Amino acid sequence: LLLEEAWVKRHIGINLEYAERLEEAEMYYDEALALYRENAVEDTLDYANTVRYPAVVKARLGKYEDAKLLWDEAGRRYEEVGITEGVIECNARMAEIAVITGDLKAARESFDRGENAAAHTRESERPERARRRDHYLRKRPILLEREQYRHSLPARPHGRCGRQRRRRGDHRLQRRDEFPDV
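I will try to describe carefully the structure that is included in this document. Keep in mind that this is a model prediction, so the values were computed, not measured.

What counts as what
- Residues numbered from 1 in each chain as written.
- Predicted model: local features only at pLDDT ≥ 70, side-chain atom pairs only at ≥ 80, totals over all residues.
- Heavy atoms only, no water.
- Helix = DSSP H or I, 4+ residues; strand = E, 2+ residues; numbered from the N terminus.
- Buried < 20%, exposed > 50% of the residue type's maximum accessible area, 1.4 Å probe, protein only.
- Contact = heavy atoms within 4.5 Å.
- Areas by Shrake-Rupley, 256 points an atom, 1.4 Å probe, with all protein chains shown as cover.
- Core = buried A, V, L, I, M, F, W, Y, C linked by side-chain atoms within 4.5 Å.
- Polar contact = N/O pair within 3.5 Å; in protein donor to acceptor, adjacent residues only side chain to side chain.
- Axes fitted to C-alpha atoms, helices over the stretch in contact; angles between N-to-C directions.
- Parallel < 35°, antiparallel > 145°, perpendicular 65-115°, else oblique.
- Left-handed = near helix turned anticlockwise from the far one by under 90°.
- Expected span 1.5 Å × (residues − 1).
- Phe/Tyr/Trp six-rings, centres within 6.5 Å; stacked < 30°, edge-to-face > 60°.
- Lys NZ or Arg CZ within 6 Å of the ring centre and 35° of its normal.

A closer look at the overall build of the chain
Next up, step 1: Helix and strand counts for the chain come out as nine helices and zero strands.
Next up, step 2: Reading the chain from its N terminus to its C terminus gives the helix and strand order α-α-α-α-α-α-α-α-α.
Next up, step 3: In the chain, buried positions account for 30% of the 182 residues.
Next up, step 4: Restricting to contacts in the chain with at least 6 residues of sequence separation, those with at least 24 account for 49%.
Next up, step 5: Element-wise, carbon and sulfur atoms account for 51% of the exposed surface of the chain, whose accessible area totals about 12,700 Å².

Comments concerning the nonpolar core
Next up, step 1: Counting residues in hydrophobic clusters, the biggest one holds 21 residues, and the most contacted among them are Val51, Trp71 and Tyr78.
Next up, step 2: For this core, the element with the most residues is helix H3 (residues 45-60), which contributes six residues.
Next up, step 3: Judged by nonpolar contacts, the second largest core, of six residues, contains Ile14, Leu16, Tyr29 and Val57.

Things to note about the side chain of Thr50
Next up, step 1: Summarising the element assignment, Thr50 is placed in helix H3.
Next up, step 2: Under the relative-accessibility criterion, Thr50 is labelled buried at 1%.
Next up, step 3: Within the structure, Thr50 has its side chain in polar contact with the side chain of Arg10 (distance 3.1 Å).

With respect to the packing of helix H5 (residues 84-101) against helix H6 (residues 104-119)
Next up, step 1: With their axes 8 Å apart at the nearest point, H5 and H6 run at an angle of 165° to one another. With respect to each other, H5 and H6 are oriented roughly antiparallel. Read as a crossing pair, H5 and H6 show a hand that is left-handed. For the pair H5 and H6, the contacting residues are Thr84, Val87, Ile88, Asn91, Met94, Ala95, Ala98 and Val99 in the first and Leu104, Ala106, Ala107, Ser110, Phe111, Arg113, Gly114, Ala117 and Ala118 in the second.

Description of the side chain of Arg10
Next up, step 1: Along the chain, Arg10 falls in helix H1 (residues 2-18).
Next up, step 2: Those residues in contact with Arg10, other than ones at most four positions away along the chain, are Tyr29, Ala32, Asp46, Asn49, Thr50 and Tyr53.

Let's talk about H5
Next up, step 1: Across its 18 residues, H5 extends 26 Å between first and last C-alpha, which sits within 8% of the 26 Å expected from 1.5 Å per residue.
Next up, step 2: Among the residues of H5, those classed as buried are Thr84, Gly86, Val87, Cys90, Asn91, Met94, Ala95, Ile97 and Ala98.
Next up, step 3: Where H5 is buried, its residues contact H3, helix H4 (64-81) and H6.
Next up, step 4: Once H5 ends, the next one or two residues include Gly102, with phi positive near 90°.

Concerning the packing of aromatic side chains
Think of a pair of aromatic rings as described by two things: how far the centres are apart, and how the planes are tilted against each other in angle.
Next up, step 1: This model, assessed by the stated rule, comprises two aromatic pairs.
Next up, step 2: Positioned above the aromatic ring of Tyr53, the side-chain terminus of Arg52 is 5.2 Å from the ring centre.

Re the environment of Ala25
Next up, step 1: Within the secondary structure layout, Ala25 lies in helix H2 (residues 22-39).
Next up, step 2: Classification of Ala25 by relative accessible area gives buried; the value is 0%.
Next up, step 3: When near neighbours in sequence (up to four residues on either side) are disregarded, Ala25 contacts Gly13, Leu16 and Glu17.

So this is what it looks like as structure tokens:
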């Protein structure tokens, strides 16, 4: 029953955070976290999320040391329950805090840990949509080549003429060096 109370307090904190009432949200998050620390017997996704939310708010309030400790704890808890995306986010946020506080060595270490976690993500953890898209593209090499080519281009606004050409069907992909200098 106490963990349900913690869940409710965490969600009240979420609503307060959305309303930009960060100090009140922090208070509710801290109460929820205290309840989890006193009563949880194992790491769960709810526990990891309960650690994550106060880390976000404390960073937004400029309490970087507290936020860094919470992000580290959240990362360990996400790792325990097997949520790689959570581990990656925690390391990215710790790197961000390290950059803000001027500790570039810690930023590099956090970034490397997050990159390492991303590199070791198992195929089964990837979203189903991405797996289906990659399977579809592997079966059709020309589509894979176009997809890679499209992502190698710089983002450019199309403008009215570009849309009209696409409607007529006489447009073609252009590389950056094929664009006239303006």
